[in-house]
Amino acid sequence: MNIFLKIAKWQIITIILVAAGTYCRAALAQPIRVVATFPDLADITRQIGKNLVSVESLATGVEDPHGVPMKPSFVPRLNRANVLVVTGLDDEHSWLPALLEVASNPKILLGQPGYIDCSVGVPVLEAPTRLDRAEGDLHPKGNPHYLLDPTYGKIAAQNIAAGLARSFPQYQADFDKNLKAYLGELDNWISRWEKIAAPLRGVKYVEYHPEWVYFANHFGLKRVGSIELKPGIEPTPNHLVELVQQIKQEKALVLIYGSQNPRIPQQLQGETGIKVLRLYTSAGARSETDTYIKWIDYTVRSLVQAVS
Amino acid sequence: MALPRLWAAPMLAAVAFGAFAIFLPALSLAQSSEIEQLRSVVDGLQQQLQKALQRIDQLEKERTATSDKVNELEQEKTTTSDRIGQVEKSVQAVQSASSALNPAIGMVLDANVSQRSKAGGNFNFRSAEIGLAASVDPFARMYGFINGTSDGVEVDEAAAVTTSLPWNLTAKGGRFLADFGRFPKVHEHELPFVNQPLSIERMIGGETRADGAELNYLFPTPFFLRATLGGYNEIGEENQQVDNRQSRSWSRFTYLGRLNTYFDLSDNHSIELGTSMAYTPSVRLTGSADGGDRMLNGIDLTYRFQPLASTVYQGVTVGSEIFRNSEQFAFESVAKRREAFGGYSYAELKLSKNWSTGFLFDYAPSVSSPGKKTIGYSPFVTWNMSEFNRLRFQFTHADDRVREDKNDGGNQVFLQWTTVIGAHTHGFLGR
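The present account deals with the structure reproduced in this document. (Residues numbered from 1 in each chain as written. Chains lettered and ligands numbered in written order. Predicted model: local features only at pLDDT ≥ 70, side-chain atom pairs only at ≥ 80, totals over all residues. Heavy atoms only, no water.)

## Some words on the overall build of chain A
Moving on, step 1. Looking only at helices and strands, chain A has 10 helices and 8 strands in total.
Moving on, step 2. When its C-alpha atoms are laid out on the principal axes, chain A stretches across 100 × 40 × 35 Å.
Moving on, step 3. Across the 308 residues that make up chain A, the buried fraction comes to 53%.
Moving on, step 4. Look at the contacts in chain A between residues 6 or more apart in sequence, and 64% of them connect residues 24 or more apart.
Moving on, step 5. Summing over all exposed atoms, chain A offers an accessible surface of approximately 14100 Å²; the carbon and sulfur share of this is 56%.
Moving on, step 6. Each charge class in chain A can be summarised by its mean position, and for the 32 positive and 30 negative side chains these summaries are 7 Å apart. (Helix = DSSP H or I, 4+ residues; strand = E, 2+ residues; numbered from the N terminus. Buried < 20%, exposed > 50% of the residue type's maximum accessible area, 1.4 Å probe, protein only. Contact = heavy atoms within 4.5 Å. Areas by Shrake-Rupley, 256 points an atom, 1.4 Å probe, with all protein chains shown as cover. Lys, Arg positive; Asp, Glu negative; His and termini not counted. Charge placed at Lys NZ, Arg CZ, Asp CG, Glu CD.)

## Here's the deal with the sheet that holds strand β4 (residues 115-117) of chain A
The pairing of strands in a sheet happens through backbone hydrogen bonds and is either parallel or antiparallel.
All names here are of chain A.
Moving on, step 1. Taken together, the 4 strands give an open sheet; going across it, the order is β2-β1-β3-β4, and neighbouring strands pair in parallel fashion. Taken across any chain shown, the strands that pair with only one partner, and hence form the sheet edges, are β2 (53-57) and β4. Strand-to-strand twist of the sheet, defined as the mean angle between neighbouring strand axes without regard to direction, takes the value 20°.
Moving on, step 2. Sheet analysis places strand β3 (residues 83-86) next to β4, joined by 3 bridges and oriented parallel. (Pairing = 2+ DSSP bridges. Axes fitted to C-alpha atoms, helices over the stretch in contact; angles between N-to-C directions.)

## What about the sheet that holds strand β7 (residues 254-257) of chain A?
Residues and elements named next belong to chain A.
Moving on, step 1. Spatially, 4 strands are ordered β6-β5-β7-β8 in an open sheet, and the strand pairing comes out parallel. Both outer strands of the open sheet, β6 (222-226) and β8 (275-278), are each paired with one neighbouring strand and no more. Across this sheet, the average inter-strand angle for adjacent strands is 30°, counted without regard to direction.
Moving on, step 2. Pairing geometry for strand β5 (residues 204-207) and β7, over 3 bridges, is parallel. By the bridge assignment, Y205 is partnered in β7 with V254.

## Remarks on the interface of chain A and chain B
Moving on, step 1. Facing the 33 residues of chain A at the interface are 36 residues of chain B.
Moving on, step 2. The tally of links from chain A across to chain B stands at 3 salt bridges.
Moving on, step 3. Ionic pairing is found between K71 of chain A and D264 of chain B, a salt bridge with its closest N-O pair at 3.8 Å.
Moving on, step 4. Where chain A touches chain B, the interface holds 6 residue pairs in polar contact (both at pLDDT 80 or more).
Moving on, step 5. Where the side of chain A that touches chain B is concerned, the elements lending two or more residues are α3 (74-80) and α4 (96-102) of chain A. (Salt bridge = Lys/Arg side-chain N within 4 Å of Asp/Glu carboxyl O. Polar contact = N/O pair within 3.5 Å; in protein donor to acceptor, adjacent residues only side chain to side chain.)

## Looking at the environment of F428 of chain B
Moving on, step 1. Considering the arrangement of structural elements, one finds F428 of chain B in the segment after β16 (410-422).
Moving on, step 2. Classification of F428 of chain B by relative accessible area gives buried; the value is 1%.
Moving on, step 3. Excluding residues that lie within four positions of it along the chain, F428 of chain B makes contacts with M70, P72, V75, A98, L99, E101 and V102 of chain A together with F224 of chain B.

## Structural notes on the nonpolar core
Nonpolar side chains in soluble globular proteins tend to end up buried together.
Moving on, step 1. By size, the foremost hydrophobic cluster in this structure holds 61 residues, and its most contacted members are I48, V85, L164, W193, L200 and F215 of chain A.
Moving on, step 2. Take this core: its biggest share by element is 9 residues, from helix α10 (residues 292-307) of chain A.
Moving on, step 3. When residues no more than four places from it in sequence are discounted, the contact partners of V85 of chain A are V34, V35, A36, T37, L41, T45, I116, C118 and I160 of chain A.
Moving on, step 4. I204, A210, A278 and Y346 of chain B belong to the second-largest nonpolar core, a separate cluster that totals 27 residues. (Core = buried A, V, L, I, M, F, W, Y, C linked by side-chain atoms within 4.5 Å.)

## Digging into the packing of helix α6 (residues 172-196) of chain A against α10 of chain A
Residue and element names in this part refer to chain A.
Moving on, step 1. Running from N to C, α6 and α10 point in directions that differ by 5°, and their axes come no closer than 11 Å. If you check the angle between α6 and α10, you find them roughly parallel. Contacts from Y182, E185, L186, W189, W193 and I196 in α6 reach Y292, I293, I296, D297, V300, R301 and V304 in α10.
Moving on, step 2. Taken together, the residues of the contact of α6 with α10 break down into 10 nonpolar, no polar and 3 charged. (Parallel < 35°, antiparallel > 145°, perpendicular 65-115°, else oblique. Nonpolar A, V, L, I, M, F, W, Y, C, P; charged D, E, K, R; others polar.)

## Points about the pattern of salt bridges
Moving on, step 1. Scanning the entire structure with this criterion turns up 33 salt bridges over all chains.
Moving on, step 2. Put simply, D297 of chain A and R301 of chain A hold a salt bridge, and the shortest N to O gap is 3.0 Å. Of the two residues, D297 of chain A and R301 of chain A are both situated in helix α10; the distance of 4 residues between them amounts to about one turn of the helix.
Moving on, step 3. The exposure class of D297 of chain A is buried, given its relative accessible area of 14%.
Moving on, step 4. One salt bridge in this structure joins D156 of chain B and R209 of chain B, with 3.0 Å as the shortest N-O distance. Highlighted residues: D156 of chain B in strand β4 (residues 152-162) and R209 of chain B in strand β6 (residues 209-218), separated in sequence by 53 residues.
Moving on, step 5. Residue D156 of chain B is classed as buried on the basis of its relative accessible area of 1%.
Moving on, step 6. Ionic contacts of the salt-bridge type, sharing partners, join the residues R130, D132, E135 and K230 of chain A into one network.

## Let's talk about the packing of aromatic side chains
Moving on, step 1. Tallied over the entire structure, the rule returns 22 aromatic pairs over all chains.
Moving on, step 2. On the numbers, 5.6 Å between centres and 10° between planes, the contact of W355 of chain B with W383 of chain B is stacked. Of the two residues, W355 of chain B is situated in strand β13 (residues 355-365) and W383 of chain B in strand β14 (residues 373-386); the sequence distance between them amounts to 28 residues.
Moving on, step 3. Taken together, the aromatic side chains of F183, F193, Y344, Y346 and F380 of chain B make up a single cluster linked through ring pairs.
Moving on, step 4. The lysine or arginine in question, R133 of chain A, covers the ring of F388 of chain B, its NZ or CZ lying 3.7 Å from the ring centre.
Moving on, step 5. Geometry around F253 of chain B places R248 of chain B over its ring, the cationic atom sitting 4.4 Å from the centre. (Phe/Tyr/Trp six-rings, centres within 6.5 Å; stacked < 30°, edge-to-face > 60°. Lys NZ or Arg CZ within 6 Å of the ring centre and 35° of its normal.)

Encoded structure:
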């Protein structure tokens, strides 16, 4: 009887150890759960993390980046995330902070290792010299649409690799290797885009919202004006009259808008003959732009096609 | 022998002269070719020297230019360093300023002009709300809303909220809007229509302002499911049934439970559902012998159509809340129970980024005489000049059978102006 008891005891201990081991292995084998605010950041994270990460994007890419609906269904995703990847520069200020308030996940709050701000180190453009809402709905830290310049896509990739390694140092070598490969791939694409985009140099454009300055700086386009009276402020009739004159005088070739209402761009096209292009400021808005590289490529080619 | 000696010298001279005469032209020719060669060598050398001198000049010029450029760069470097120094000093100044750790601050002004067929017109300074918010430390944040109205100034909310509790828990304490229903816990200027529905005012006592504590739990489910448990002195800004300032038995406090869930029907369609209950075991003013229990229930349902590609300028929201109040009261020393049902429904259609319109239906019973009720119909139009500046026009027709207040019935017209300065947010619950 005593022997049976001993055997049973050892059986129970063995089962517990095997179960614990299996659980630990399962826990260790689980990919790093990453939530990115936009699909371009999600794609870059996938390129850096490869099979070590499982990445979800909150926005789909078609939304106005400043007006992504504050869906409660985002809350469980944020709650389970090991890492949060954001554009930064207050791009997500109208919807993300309130979701983080209820997500009950201290690991991914601002300032924590799991919070990756991709804008760190980006030479920010259009930082306001006067912080006053009379100047519109300002971004006090500067224009947040830097991912439209692929050079800064490289900075975002570096920030993501560093951020992932901060939370998961055991995979640093993998992240570094993947980052190096991705940066090389981006460099090749950048040289290709620069050749393709030669006809864009000096092209004058109009935009709906000030989103295209980084792209314009990289590829040599010149901004003539914006449909919005001030950032985030819909135009007045007088502003539109002035803009029509400006388009005609400056011979602007293309008008770019994204998630905004197409009514005014179409009206301006009718009045001036300017070419109107709907180009989103994030990857993922179209099936052919599901990665960061494909999105920039689509954007460059669409603009070149429009002006040639 | 003397003769030959005499002739020897002239002979030698003659031979020498002859030889000189014979060889001189040849010698002269050889010398001239050497000179030519030498001359060409010298010319070559001169040319090389000229080139070398030119090169030296060129290098001199280049050196000078480089030196100028270096000087220029040095100057630029100095200027840039000075500029960076200035910026650093400026950043340090901002960081070390006494205001550096001050909370985010903002103010909302909510004013309207109204005309009521039964009460007349009025310029109504409804609210000037100052909001403050900041992190307390790594474990909590705090926010407050101080509200000035035509009746005076009071603290509308001042609450601390934990930020790092384990097990998906969040605790809140202080004065805040208790988590009952959907619109009862939303500040009036944040509503999609001008006035808080009369059903909320009568059945809850206005906004769910409460002094107390709440514990929230986010379920680890793949969909959003959140529970709230709370205990308060009382719920309702204008709730007069309990004296908020007196210590009393714990049976005379109000206890709350709420469940809130949300489902995406598709990328563009969603539904949100909530159920709330607030229970007070004994509703009794201090010193009063009478009183009984009170149970307030609510169900809220919100449907949203938010087309992702055009959320900024298109969308529909339909919301509804139903409340039930059941309370015991003493009538001629006999305990009796009365029940009242009320609620509202509304729909709002976004026409463009700036314009939206909608309709509110409100069914508001009298809590003390549940048979009497007021039914209101309110179409409204909103013009958002910007995110921080809004005008709203509303017409209300109210069939008032309760007749407690002239303002509640008849035809009413409102023009509301709401403006915001500084930082302003009511967070997730105010969405």
